[in-house]
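# Structural features, examined
Listed below are the residues making up each chain.
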Amino acid sequence: MNKTALLLATAIALSPSASWGKEESADARARNTEAAMTAAERENLLHGIMALPVIPGTIIPPDAVIGAGYVEGVSRLGVPSLKESDASLGVAWVSGMRKDGATALPSATAMGAGFDPALVRDASAMIAAEARAKGFNILLAGGINLMRDPRNGRTFEYFAEDPLLSGILGAAAVEGVQSQRVIATVKHFALNAQETGRQVIDVKIGEAAARESDLLAFELAIEKGKPGSVMCAYNKVRGRHACDSEYLLSDVLKRDWRYPGFVMSDWGAVPGVSAMAAGLDQQSGSQTDKQVWFGKPLIDAASADPALQARISDANRRILRSIYAVGLDQPAPAVKIDQAANNALAQRVAERGIVLLRNERNALPLAAKAKTIAVIGGYADMGVMSGGGSSQVHGVDGPAATIPMGGEGPFAFLHSINLHRSPPLAAIRKRAAGAKILYDDGHYIAEAARTAAKADVVILFASQWMMEGYDVPDLSLPDNQDALIAAVAAANPNTVVVLETGGPVLMPWLDKTAAVIEAWYPGAQGGEAIARVLFGEVNPSGKLPISFPASVEQLPRPAIPGWDELDKSFEGTGNEAKKVTVDYDIEGADIGYRWYARKNIKPLFPFGYGLSYTSFAYEKISLRGGNLPSAQVTVRNSGAVAGDEVVALYAVAGPNDPGQRLVGFTRVSLKPGETKRIDVAIEPKLLARWDEAGHRWQIAAGRYELATGPSSDKLTAKASLTLNARTIAQ
Ligand code: GLC
């Protein structure tokens, strides 16, 4: 980064960013504290350790809390140490190295399917309150990478394939976490869309494509959520590691978006001292890097470099500003953990995220007349599936079961399937008054088919485990479950499939089944949530936040880039010298439903798809233009039971050829026969295009056609409005 840019970045840091409002006192306090720091104290906040006894030689300070990270504060000046826990789904269990449990939320994908920012905010506040009560003051939540590849092993940690849904829910998660005086992150900045070779993958993407997709999700989440920190990613973008990229960290984040907070690295993502000048403010988990770059090597490099010294001061001010703006230096709000309430909240998230994909012959809700119910497979007698890696959460008693999946090296302990203690079988038994329940674990297909043949209805559980650090090689259900489902459905056509997956899966057996629900990783109360939907206590309202392809051939990249040439271990140790470029310009900003619309491809299930036990009629849509355009959509519950509907509004045509894109959404509850006019706010940036020459968001003058309906490929109500040309201020 040239000296001018460096000084500019520093200058921006000095000028309170009005758009962040009342935190100006935080800016002033940060400047005063930083000015009072000694040179030695300025190093404290710039690097931290992983506060886990997994790397030989780690000395964990006495005031640290066992968890992802610890950064020494400056007690002389009242600057608290930073105690960091993962992540978006609750306070991480770190494979039992913590002895206290926490409430496990459903996957972020389940939260995405709920299209419910208020619920995400409440759920995030709940896990942050638990984090604070355990002594943490930073929660490494806010995973908002777009699901460019549905095989990404961290799909379950992310909200959606769409930038608006991801950005809005990401902002809600940040607001919830920070309401508890806990700094939230948004991560992993940016374009971290696969786990295979995550440390070396080099992303190629054009400016407008990046700005209108992955960067837009971060821009919206940061603008609306005001996270204290942004975590930069492992991968490279245009040849530079994200944590060493002045394009991402200084040009886009700090200059264009005027971000006043601080950038922390991912753990083991810092390539060297140069990252400070590029815009990185804090090296996290320094034992996982080759050196504590932001310790002596940086201080030595700055000794004769005033610009670097100024950058170091700016980095300290940014960290201090976030500490003050979020209130880490204030006593934590007194929190008494109400486990029953926290479980109920986790359950509500799961229930709202469950997507009804198929329901033939009204197989669901389960009829009270069912005399014999077969429950088969998916560990249904033990618990529900959860995702592996740094985000893994468990309750006080740990997982219901742990199934080792191999793996080598210091992080092999992460490589296991862990089930949450919420067995669907028990929850079904509780509700199937009088019916005879037959259980079969599904390991022997012929036996499972025989069990199925004896029942009035079969509830067949199928799971797809995912884990950080690894992508799934394809979208088929593992462990021969497709064959199990086909055999069971052949033995009994009244088969209801319950999927507990990290992301989309193929369904070669679909037409042979009566019903299918996608329950994702349903969290600490998942079994209860699934049973309540199956028995109709809850009317499913989830909508797919990610398209389900009909085959991997439909994807922009049928093969995962680097799959054959990269070391696919968790650490990816053999990859250092390898160069693998992934070309996101193939789809550009047209991820998921936008890709299918552009290529005229029919996926298995489209973005926004989700059935209900009732039906909804989209009767009218009226639009209002101006600088804050909005829509009013008239929706009627045309069925016989109450239910929630997600009203999703898309731009489908415009003068600047935006292609189809989600521009707004709102949930609504409707009683049978009830009609409501729903206001849907339209995010102007989704009507705009990124003007590369002008380096700005530009709305073109002309007519825009907007539409809404039951899913992204079924838009039944259309209207248009005329907008004047204008630039959207960043
Ligand atoms: C991990 C993840 C990141 C997590 C961090 C701390 O490798 O990429 O999401 O917050 O390290 O565990």
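In this text the structure is predicted, and so the values were computed from the model without any measurement. (Residues numbered from 1 in each chain as written. Predicted model: local features only at pLDDT ≥ 70, side-chain atom pairs only at ≥ 80, totals over all residues. Heavy atoms only, no water.)

### Description of the side chain of Thr-155
To keep it simple, the criterion reads: Counting from the N terminus, the helices are the DSSP runs of H or I reaching at least four residues and the strands are the DSSP runs of E reaching at least two. Partly exposed residues are those whose accessible area sits between 20% and 50% of the maximum for their type, while under 20% is buried and over 50% is exposed, using a 1.4 Å probe and protein chains only. For this analysis, residues touch if any pair of their heavy atoms sits within 4.5 Å.
Here Thr-155 lies in the loop between β3 (138-139) and α6 (163-178). Judged by its relative accessible area of 1%, Thr-155 falls in the buried class. Not counting residues within four places of it along the chain, the set of residues in contact with Thr-155 comprises Thr-109, Met-147, Asp-149, Pro-150, Met-466, Gly-502, Gly-503 and Ile-546.

### Quick word on the sheet that holds strand β29 (residues 726-728)
What counts here: The rule for pairing is simple: two strands pair if DSSP sees at least two bridges between them. Axes, fitted as lines to C-alpha atoms, cover a helix only where it is in contact. Angles between the N-to-C directions of the axes lie from 0 to 180 degrees.
With antiparallel pairing, the three strands of this open sheet are ordered in space as β25-β26-β29. Where the open sheet ends on each side, the last strands, each with one partner, are β25 (689-691) and β29. Pairwise comparison of adjacent strand axes, ignoring direction, gives a mean angle of 45° for this sheet. In the sheet, β25 pairs with strand β26 (residues 696-699) via three bridges, with the strands oriented antiparallel. Opposite Arg-689, over in β26, you have Gln-698 as the bridge partner.

### Points about the site of the ligand
Worth spelling out the cut-off: One heavy atom suffices: a residue is near a molecule or strand as soon as one of its heavy atoms comes within 4 Å of it. Any N or O atom pair separated by 3.5 Å or less is treated as a polar contact, with the protein-specific requirement of one donor-capable and one acceptor-capable atom, and with residues adjacent in sequence counted only for side-chain atom pairs. Each accessible area value is a Shrake-Rupley result obtained with a 1.4 Å probe; residue values ignore everything except the protein chains displayed when judging cover. In this classification, Asp, Glu, Lys and Arg are treated as charged, Ala, Val, Leu, Ile, Met, Phe, Trp, Tyr, Cys and Pro as nonpolar, and every other residue, Gly included, as polar.
As a matter of local geometry, the ligand sits amid 13 residues, with Asp-86, Arg-154, His-188, Tyr-234 and Asp-266 nearest to it. Contacts to the ligand include Asp-266, whose side-chain N or O atom sits 2.6 Å from an oxygen atom. A distance of 3.0 Å separates an oxygen atom of the ligand from a polar atom in the side chain of Glu-468. Considering the ligand on its own, with 310 Å² of exposed area, one finds that the protein chains cover 93% of that surface. Class assignment of the residues belonging to the shell around the ligand gives a composition of five nonpolar, two polar and six charged.

### Observations regarding the confidence of the model for the chain
Using the following cut-off: Each residue gets a pLDDT score, which is the predictor's confidence in that residue and runs from 0 to 100.
For the chain, per-residue confidence averages 94 on the pLDDT scale, and residues scoring 70 or more make up 97% of the total. Note that pLDDT drops below 50 for residues 11-19; the model gives that stretch 16 contacts with residues more than four away or on any other chain.

### Notes on the packing of helix α11 (residues 296-303) against helix α12 (residues 306-326)
We count it as follows: The scheme is simple: roughly parallel for angles under 35 degrees, roughly antiparallel for over 145, roughly perpendicular for 65 to 115, oblique for anything else.
For the pair α11 and α12, interaxial distance at closest approach is 7 Å and the crossing angle is 135°. Looking at the two axes, α11 sits oblique to α12. Seen from α11, the contacting residues are Leu-298, Ala-301, Ala-302 and Ser-303; seen from α12, they are Leu-308, Gln-309 and Ile-312. In terms of residue class, the contact of α11 with α12 is made up of five nonpolar, two polar and no charged.

### What to know about helix α14 (residues 424-431)
The test is simple: Directions from the helix axis toward the C-beta atoms define the arc.
Taken as a whole, α14 has its buried residues at Pro-424, Leu-425, Ala-427, Ile-428 and Arg-431. Angular distribution of buried residues about the axis of α14 spans 165°; they occupy a single face of the element. Close packing links the buried residues of α14 with β11 (372-376), β12 (384-385), β15 (436-440), β16 (457-464), β17 (495-501) and α17 (526-534).

### Quick look at the nonpolar core
Our working rule: Only buried residues count toward a nonpolar core, which is a set of Ala, Val, Leu, Ile, Met, Phe, Trp, Tyr and Cys residues joined through side-chain atoms within 4.5 Å.
Grouped together as the largest cluster of nonpolar side chains are 168 residues, with contacts concentrated most on Phe-159, Phe-189, Leu-215, Leu-248, Leu-280 and Leu-662. Sort the elements by how many residues they give to this core and α12 lands first, with eight residues. One finds Leu-425, Ala-427, Ile-530 and Tyr-613 within the second-largest nonpolar core, a separate group that totals 34 residues.

### Side note on the pattern of salt bridges
A side chain of one charge can pair with a side chain of the opposite charge when the charged atoms of the two come close. Here is the rule we go by: Counted as salt bridges are all cases of a side-chain nitrogen of Lys or Arg within 4 Å of a carboxyl oxygen of Asp or Glu.
All chains considered together, the criterion is met by 52 salt bridges. Between Asp-251 and Arg-255 there is a salt bridge, and its shortest N-O distance comes to 3.7 Å. With a gap of four residues between them, Asp-251 and Arg-255 both fall in helix α9 (residues 246-256), about one helical turn apart. Of the charged contacts in the structure, one is a salt bridge between Asp-590 and Arg-594, with a shortest N-O distance of 3.4 Å. Residue classification places Asp-590 among the buried positions, given a relative accessible area of 15%. Judged by its relative accessible area of 3%, Arg-594 falls in the buried class.

### Here's the deal with the packing of aromatic side chains
Threshold: Each Phe, Tyr or Trp ring (for Trp, its six-membered ring) is paired with any other whose centre lies within 6.5 Å, and the angle between the two planes then decides the class: stacked below 30 degrees, edge-to-face above 60, tilted in between. Geometrically, a lysine NZ or arginine CZ counts as sitting over a ring once it is within 6 Å of the ring centre and also within 35 degrees of the ring normal.
Applying the stated criterion to the full structure yields eleven aromatic pairs. Where Tyr-593 meets Tyr-650, the ring centres are 5.7 Å apart and the plane angle is 80°; that geometry is what we call edge-to-face. Within this pair, whereas Tyr-593 is found in helix α18 (residues 593-599), its partner Tyr-650 is found in strand β22 (residues 643-653), the two being separated by 57 residues in sequence. Summarising the burial analysis for this pair, Tyr-593 and Tyr-650 share the class buried. Taken together, a centroid distance of 5.1 Å and an interplanar angle of 40° make the contact between Phe-605 and Tyr-609 tilted. Above the ring of Tyr-324, the side-chain terminus of Arg-29 is found at 3.9 Å from the ring centroid. Lying over the aromatic face of Phe-570, Arg-198 brings its terminal NZ or CZ to 5.2 Å of the ring centre.

### A word on the sheet that holds strand β21 (residues 630-637)
The antiparallel open sheet is built from three strands, whose spatial order is β20-β21-β24. Edge positions in the sheet fall to β20 (616-624) and β24 (675-681), since each has one partner strand and no second. Strand-to-strand twist in this sheet, taken as the mean axis angle between neighbours without regard to direction, amounts to 20°. Here β21 pairs with β24 via seven bridges, running antiparallel. Bridging across to β24, Val-633 finds its partner in Ile-678.

### Concerning empty space enclosed by the protein
Heads up, the rule is: Buriedness of a pocket was judged along seven lines, with at least five required to meet protein on both sides within 12 Å; pockets are open sets of points on a 1 Å grid over the protein atoms alone, cavities are sets where a 1.4 Å probe fits but cannot get out, and lining residues have an atom within 4 Å of a point. Grid points are joined across faces, edges and corners, and a volume is the space filled by probe spheres set on the points.
For the structure on display, the rule yields nine cavities of 30 Å³ or more. For the largest cavity, the lining is made up of 15 residues, of which Arg-148, Pro-150, Leu-555, Gly-592 and Tyr-596 are closest to its centre. Residue composition of the lining of the largest cavity, grouped by class: nine nonpolar, two polar and four charged.

### Here we look at the layout of surface pockets
If you add up the space inside the largest pocket, you get close to 1,000 Å³. The wall of the largest pocket is formed by 40 residues, among which Gln-199, Tyr-234, Trp-267, Gly-268 and Thr-288 lie closest to the centre. Class assignment for the residues of the lining of the largest pocket results in 19 nonpolar, ten polar and eleven charged. Of the pockets and cavities examined, the second largest pocket occupies roughly 640 Å³.

### Some details on the pairing of strand β18 (residues 515-518)
Burial along β18 is two-sided: Ala-515 and Ile-517 and Val-516 and Glu-518, pointing in opposite directions, are all buried. Relative to β18, strand β10 (residues 355-359) runs antiparallel, the two sharing four bridges. Across the sheet, the residue bridging to Arg-358 is Val-516, located in β18. Two elements, β17 and β18, share four bridges in a ladder whose sense is parallel. Counterpart to Leu-499 in the pairing with β18 is Glu-518.

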